[in-house]
Amino acid sequence: MGGTAMRRRALITGGSGYLGNWLVRLAPPTWDITATYWTQPAAAPGATWRHLDVRDAAAVMAVIGEVMPEVVIHTAAANPGANADFTAVNVDGTRAVARAVAAIGGRLIHLSTDVVFDGERGNYTEEDIPNPITDYGRSKALAEAEVQACGVRALIVRTSLIYGRRPPLDRQTLWILNSVQNGAPIALFTDELRNPIWVESLVGALWELADGDYNGVLHVAGAQALSRYEFGARLARFHGVAPDPIRAMSSRASGLIRPLDCTLDCSKARTLLRTPLPGVDTVLVGNE
Ligand SMILES: NC(=O)c1ccc[n+]([C@@H]2O[C@H](COP(=O)([O-])OP(=O)(O)OC[C@H]3O[C@@H](n4cnc5c(N)ncnc54)[C@H](OP(=O)(O)O)[C@@H]3O)[C@@H](O)[C@H]2O)c1
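Residues numbered from 1 in each chain as written. Predicted model: local features only at pLDDT ≥ 70, side-chain atom pairs only at ≥ 80, totals over all residues.

> Could you clarify how one ought to interpret the nonpolar core in this entry?
The tendency in soluble globular proteins is for nonpolar side chains to be buried as a group. Counting 85 residues, the largest nonpolar core has Leu23, Ile73, Ile109, Leu202, Leu206 and Val220 as its most contacted members. Three or more residues apiece are contributed to this core by two domains, here domain 1 (4-162 + 196-219) and domain 2 (165-193 + 225-262 + 269-283). Every residue in contact with leucine 202, bar those within four places of it in the chain, is listed here: Leu19, Thr159, Ile162, Ile197 and Val220. (Core = buried A, V, L, I, M, F, W, Y, C linked by C-beta atoms within 7 Å. Buried ≥ 20, exposed ≤ 12 C-beta atoms within 10 Å, placed from the backbone. Domains from an automatic or database assignment. Contact = placed C-beta atoms within 7 Å.)

Take a look at the structure:
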């Protein structure tokens, strides 16, 4: 029982990223993990590491064909912030991954986002039609369409702002803590609502979903809807920093084209999963 020959094989794209790194760290021992990086040779133990640029479809096919994973968890993505090439990485890269997984008869778990929605209504279910209003959102909606078009067995997991309690921390927490500690004024939106999710509960849910066979689309986010401003203040307080320098700002009044209420209805995930999906006020307690 439990010999290495019995272990199931998973490949994680974007293992060097925030979510990918935690997927490697918290992988159940039943899984044999290969993880990929692009520019940051990754440090997390517990995986075999492979270099991969998802824009290179032949390389994607070669790596997936060699590893022959039962499940691929596709977290690699160009995210907002840098001068990211959303189309090449998120759309073309996802198509390459989905086709390679289909070619080996594997199953794909594809990470998507709440900003595939326009944010006009909120509390979106899996049946609501994506209507993205940003370049990033459009690329992630097109990525979902690529997954659905290529006939691969796939689960699309839409999630929200991902945060942690302990290092390595997420970019948003680090940005808020650095800014507030250095006295740099920052402003956070009071009218952009999200369901922030604790990385460790998202990872638990993803491994539980990898173990099962549920396919389609699933919303997996935290139980509590908060504005970015409310969320930022809670992150600062939890990490022992007074949130006073954080200014409240209205996204609508800013004139920027950004989705406002992207809260997700996660009732299907709560029915399906044993892993709890707690809200921020349940997770960010008891830091000493
Ligand atoms: N973070 C959030 O709050 C959030 C919210 C909703 C949805 N999501 C989704 O969740 C997933 C994970 O997000 P994250 O925050 O963990 O991302 P992240 O920290 O920005 O990491 C991105 C990962 O993608 C890799 N990557 C970028 N371009 C690549 C390319 N051309 N070829 C191969 N790999 C490439 C990076 O590799 P290197 O670092 O090695 O270059 C890194 O491992 C993404 O699909 C994202 O859209 C995230």
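> Can you help me understand the sheet that holds strand S5 (residues 107-113) in this one?
Backbone hydrogen bonds hold the strands of a sheet together, and the pairing may be parallel or antiparallel. Overall, parallel pairing links the seven strands, which are arranged S3-S2-S1-S4-S5-S6-S11 in an open sheet. Of all strands in the sheet, those with a lone pairing partner are strand S3 (48-51) and strand S11 (216-219), marking the two edges. Neighbour-to-neighbour, the strand axes of the sheet open up by a mean angle of 20°, direction not taken into account. In the packing of helix H2 (residues 57-67) onto the sheet, contacts are made with strand S1 (8-13), strand S2 (31-37), S3 and strand S4 (71-74), and the angle to S1 comes to roughly 160°. Against the sheet, helix H3 (residues 86-103) touches S1, S4, S5 and strand S6 (153-159), its axis set at about 175° to S4. (Pairing = 2+ DSSP bridges. Helix = DSSP H or I, 4+ residues; strand = E, 2+ residues; numbered from the N terminus. Axes fitted to C-alpha atoms, helices over the stretch in contact; angles between N-to-C directions.)

> I'm lost on the domain arrangement of the protein chain in this one. Help?
Put simply, an interface is often sized by how much accessible area is lost when its parts join up. Assigned domains within the protein chain: domain 1 (4-162 + 196-219) and domain 2 (165-193 + 225-262 + 269-283). Listed per partner, the contact involves 25 residues of domain 1 and 24 residues of domain 2. Residue assignment for the side of domain 1 that touches domain 2 shows that the elements contributing at least two residues are helix H1 (18-25), strand S10 (197-198), helix H6 (199-211) and S11. The biggest single contributor to the side of domain 1 that touches domain 2 is H6, with five residues.

> Teacher, can you tell me more about the packing of H1 against H6 here?
To characterise two packed helices, one gives the angle between the axes of the helices and the distance between these axes. Where H1 meets H6, the axes come as close as 10 Å, and the angle between the chain directions of the two elements is 65°. Between H1 and H6 the crossing geometry is right-handed. Mapping the contact onto sequence places Leu19, Trp22 and Leu23 in H1 and Val199, Glu200, Leu202, Val203 and Leu206 in H6. Looking at side-chain class alone, the contact of H1 with H6 contains seven nonpolar, no polar and one charged residues. (Left-handed = near helix turned anticlockwise from the far one by under 90°. Nonpolar A, V, L, I, M, F, W, Y, C, P; charged D, E, K, R; others polar.)

> Help me out: how do you make sense of the pairing of S1 in this one?
Strand residues, when the strand is regular, have side chains that alternate between the two faces of the sheet. As defined by bridge partners, S1 adjoins S2 across five bridges and the pair is classed as parallel. In the strand pairing of S2, alanine 10 is matched with isoleucine 33. The parallel pair S1 and S2 is bridged by H1, and the resulting crossover is right-handed. Relative to S4, S1 runs parallel, the two sharing four bridges. (Right-handed = clockwise from strand over helix to strand, strands pointing away.)

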